[in-house]
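Overview (structure and organization)
Listed below are the residues making up each chain.
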Amino acid sequence: MADENYEQKLDDLRSGALDEFVVTPEDFAEFQRVYHAYPYRTQIEGKADIGGKVTYHLIKR
């Protein structure tokens, strides 16, 4: 998914428009560049699944 807008997905998690989204191993490096630059990344966490998929969701406090 080279054309995936990960910053928009992260914003959608924060706003509640998305409950979660999945990043595949093939897209992980591209996503990580966006994630590490995202100013609110401490509010979002990922859970790794078998097979290398990571599901990201907003941390509920």
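Heads up: the structure comes first, above all this text.
Nothing here was measured: the structure is a model prediction, and the numbers come from that model.

**What about the sheet that holds strand β3 (residues 54-58)?**
An order of β1-β3-β2 is seen for the 3 strands of this open sheet, with the pairing classed as antiparallel. Each end of this open sheet is capped by a strand with a single partner; those strands are β1 (20-23) and β2 (44-48). Across the sheet, the axes of successive neighbouring strands diverge by a mean angle of 25°, strand direction being ignored. Across 5 bridges, β2 lies against β3 in antiparallel orientation. Within β3, the position partnered with I44 by the bridge is L58. Contacting β1, β2 and β3, helix α1 (residues 6-15) crosses the sheet at an angle of about 150° to β1. In the packing of helix α2 (residues 28-37) onto the sheet, the strands contacted are β1, β2 and β3, and the crossing angle to β3 comes to about 25°.

**Topic: the pairing of β3**
Alignment of β1 against β3, held across 4 bridges, turns out to be antiparallel. Within the sheet, the bridge partner assigned to F21 lies in β3 and is Y56. In textbook terms, the turn of a hairpin is the stretch between consecutive antiparallel strands, and for β2 and β3 this stretch comprises 5 residues, one of which, G51, has a positive phi near 100°.

**So, the nonpolar core**
Among soluble globular proteins, nonpolar side chains are generally buried collectively. Counting 11 residues, the largest nonpolar core consists of Y6, L10, L13, F21, V23, F31, Y35, Y38, I44, V54 and Y56. Elements represented by at least two residues in this core include exactly α1, β1, α2 and β3. The element that contributes the greatest number of residues to this core is α1, accounting for 3 residues. Those residues in contact with Y38 that lie beyond four places of it in its chain are E7, L10, D11, R14 and I44.

Rules and cut-offs
- Residues numbered from 1 in each chain as written.
- Predicted model: local features only at pLDDT ≥ 70, side-chain atom pairs only at ≥ 80, totals over all residues.
- Heavy atoms only, no water.
- Pairing = 2+ DSSP bridges.
- Helix = DSSP H or I, 4+ residues; strand = E, 2+ residues; numbered from the N terminus.
- Axes fitted to C-alpha atoms, helices over the stretch in contact; angles between N-to-C directions.
- Contact = heavy atoms within 4.5 Å.
- Core = buried A, V, L, I, M, F, W, Y, C linked by side-chain atoms within 4.5 Å.
- Buried < 20%, exposed > 50% of the residue type's maximum accessible area, 1.4 Å probe, protein only.

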